[in-house]
Amino acid sequence: MTAAQAGCLTAALEIGYHLLDRGAPALTAVEQAIRVLEQSGLFNAGRGSHVQLDGVRRMDASIMEGQDLQAGAVASIEGIVHPISAARLVMEQTTHVLLVGKPGSAFARHCGLERQPRRPSGHAAGKAAMTRVWSPKTLELYRTMMSSGPALRKRAGKETVGAVALDQTGTIAAGASTGGIDLMLPGRVGDTPIIGCGVYADNESGAVSMTGLGEGIIRIAVAKEICDRLAQGERPVSAATQVLKKLVRRIKGAAGSLVLAPDGRFAITHVTPRMAAGWWNGKGRPTVRDSFQ
Ligand code: ASP
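In this text, all values refer to a predicted model and were calculated from it rather than measured experimentally.

Engineer: Got a minute to help me understand the overall build of the protein chain in this structure?
Structural biologist: The helix and strand tally for the protein chain stands at 10 helices and 11 strands. Partitioning the intrachain contacts of the protein chain with sequence separation of at least 6 by distance along the chain shows that 65% fall at a separation of at least 24. As displayed, the protein chain has an accessible area near 12,700 Å², and 55% of this comes from carbon and sulfur atoms.

Shown next as structure tokens:
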């Protein structure tokens, strides 16, 4: 983690905590903390999102609150800075949970969300590039790269962003926002916008926000499985560890989780070599670290 990333994580924790301290809902703390990270360009979300193999930045995000189990998400949206706010708008302004692609992007623009170029400068456009992306040779190369995905993400040094929070009314919330993984095929969607996989929140169990290789997280439905264990009385650290171990054992997955129980116990757990994250309960300074092993 660079000093700039550590500073940005600290700022996000402070903004989230101060909102909670003033009585704001957990949902707002989660959204606003994630907006700081999306805005910075220092993480794989918002301004810093990875591009897909055709040079376009397509982003995924979701948000959920634990009292009424309301949730909103966007997948593969382009041209906006804050997908997490688009996800919240889907939750609050529509009767749906998930909007995708160009119509999802149009919805976000219609709601007045800040825009950014869909293709960062320096990334070539053109139909020829798309044909190359789907050639058998490229697909073979892509398969090889996918099996070393965690190493690739480490090299890139930018991670997906997420947050969990507990407010003064006892409600919890979780959210996540991502530009996906390195070198992904156009149209690829990971776990982040899929409720129960990348994010879950229920006042009767807990709040979970995931990072890692989405192709594995989806197949184990990790966030919901961790919450189910919390509901059975398991401690956050044990619930997260057991499910992440299963992810590794069953499908050689790689991931990290933020887990928060309704009573305030929490765990930051990862089976990747590192995971930049932090926490704050308002006492002293926020804790921000590169590894929680
Ligand atoms: N989970 C994200 C995805 O698969 C990527 C990440 O967390 O690094 O899209």
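There's more to say after this.
Engineer: Teacher, can you tell me more about the packing of aromatic side chains here?
Structural biologist: Describing an aromatic ring pair means giving the distance of the ring centres and the angle of the ring planes. In the structure shown here, the tally under the stated rule is two aromatic pairs. Consider the rings of Tyr-17 and Trp-280, whose centres lie 5.0 Å apart with planes at 55°: the pair is tilted. Residue Tyr-17 is located in helix H1 (residues 3-21), and its partner Trp-280 is located in the loop between strand E10 (277-279) and strand E11 (287-289); the two are separated by 263 residues in the primary sequence. Given the relative accessible area of 22%, Tyr-17 is considered partly exposed.

Engineer: Please explain the sheet that holds strand E2 (residues 71-77) as it appears in this structure.
Structural biologist: Strands in a sheet are paired, the pairing made by backbone hydrogen bonds, and the direction either parallel or antiparallel. Strand order in the open sheet formed by five strands is E3-E2-E1-E5-E4, and the pairing between neighbours is mixed. Among the strands making up the open sheet, the edge pair consists of strand E3 (98-100) and strand E4 (161-166). The sheet shows a mean angle of 5° between the axes of neighbouring strands, direction not considered. With six bridges joining them, strand E1 (residues 59-65) and strand E5 (residues 172-178) adopt antiparallel strand pairing. Bridging from a neighbouring strand, Met-64 pairs with Ala-174 of E5. Running over the sheet, helix H3 (residues 83-93) touches E1, E2, E3 and E5 and is turned about 130° from E2.

Engineer: Help me understand helix H4 (residues 101-110) in this model?
Structural biologist: Owing to its 3.6 residues per turn, the α-helix brings residues three or four apart onto one side. What H4 keeps buried is the set Gly-101, Gly-104, Ser-105, Phe-107 and Ala-108. Along the long axis of H4, the arc covered by the buried residues comes to 155°, so they all point the same way. For H4, the exposed residues set more than 90 degrees away from the buried face come down to Lys-102, Pro-103 and His-110. In this fold, the buried residues of H4 make contact with E2, H3 and E3. Just past H4, the residue Gly-112 takes up positive phi, approximately 85°.

Engineer: Which parts of the structure should I look at to understand the confidence of the model for the protein chain?
Structural biologist: As a general rule, the predicted coordinates of low-pLDDT regions are not to be interpreted in detail. Chain-level statistics for the protein chain give a pLDDT mean of 92 and a share of 89% at 70 or above. Taken together, the stretch residues 151-155 has pLDDT below 50 and engages in 13 contacts with residues farther than four places along the chain or on a different chain.

Engineer: What is the right way to look at the site of the ligand in this model?
Structural biologist: In the vicinity of the ligand lie 12 residues, with Thr-160, Arg-188, Asp-191, Thr-211 and Gly-212 positioned nearest. Note that an oxygen atom of the ligand is positioned 2.8 Å from one of the backbone N or O atoms of Gly-214. Bound to the protein, the ligand loses 99% of the 270 Å² it would expose on its own. When its residues are assigned to classes, the shell around the ligand shows one nonpolar, eight polar and three charged.

Engineer: Got a minute to help me understand the nonpolar core in this structure?
Structural biologist: Soluble globular proteins tend to pack their nonpolar side chains together in the buried interior. Ranked by size, the top nonpolar core spans 33 residues in total, and within it Val-30, Leu-37, Ile-63, Ile-80 and Ala-86 carry the most contacts. Counting residues per element, the ones that place at least two in this core are H1, helix H2 (26-40), E1, E2, H3, H4 and E4. Sort the elements by how many residues they give to this core and H2 lands first, with seven residues. Apart from the residues within four sequence positions on either side, Leu-37 is in contact with Cys-8, Leu-9, Ala-12, Phe-43 and Val-161. Counting residues in hydrophobic clusters, the runner-up holds 26 residues, among them Ile-172, Tyr-200, Leu-230 and Leu-244.

Engineer: Just checking my understanding: could you explain the packing of H2 against H3 for this structure?
Structural biologist: Any two packed helices are characterised by how steeply their axes cross, that is the angle between the axes, and by the distance between the axes. Closest axis-to-axis distance for the H2/H3 pair is 8 Å, and the angle between their directions is 150°. Taken together, H2 and H3 sit at an angle that is classed as roughly antiparallel. Where H2 approaches H3, its residues Leu-27, Thr-28, Glu-31, Ile-34, Arg-35 and Glu-38 are matched on the opposing element by Pro-83, Ile-84, Ser-85, Arg-88, Met-91 and Glu-92. For the contact of H2 with H3, a count of residues per class yields five nonpolar, two polar and five charged.

Engineer: So what exactly am I meant to see when it comes to the sheet that holds strand E8 (residues 255-260) here?
Structural biologist: Ordered in space as E6-E7-E8-E9, the four strands form an open sheet in which the pairing is antiparallel. Looking at strand neighbours, the two that pair on one side only are strand E6 (199-202) and strand E9 (266-270), the edges of this open sheet. Ignoring strand direction, the axes of neighbouring strands in this sheet form an average angle of 10°.

Scoring rules and cut-offs
Residues numbered from 1 in each chain as written. Predicted model: local features only at pLDDT ≥ 70, side-chain atom pairs only at ≥ 80, totals over all residues. Heavy atoms only, no water. Helix = DSSP H or I, 4+ residues; strand = E, 2+ residues; numbered from the N terminus. Contact = heavy atoms within 4.5 Å. Areas by Shrake-Rupley, 256 points an atom, 1.4 Å probe, with all protein chains shown as cover. Phe/Tyr/Trp six-rings, centres within 6.5 Å; stacked < 30°, edge-to-face > 60°. Buried < 20%, exposed > 50% of the residue type's maximum accessible area, 1.4 Å probe, protein only. Pairing = 2+ DSSP bridges. Axes fitted to C-alpha atoms, helices over the stretch in contact; angles between N-to-C directions. Arc of directions from axis to C-beta. pLDDT = per-residue confidence, 0-100. Near = heavy atom within 4 Å. Polar contact = N/O pair within 3.5 Å; in protein donor to acceptor, adjacent residues only side chain to side chain. Nonpolar A, V, L, I, M, F, W, Y, C, P; charged D, E, K, R; others polar. Core = buried A, V, L, I, M, F, W, Y, C linked by side-chain atoms within 4.5 Å. Parallel < 35°, antiparallel > 145°, perpendicular 65-115°, else oblique.

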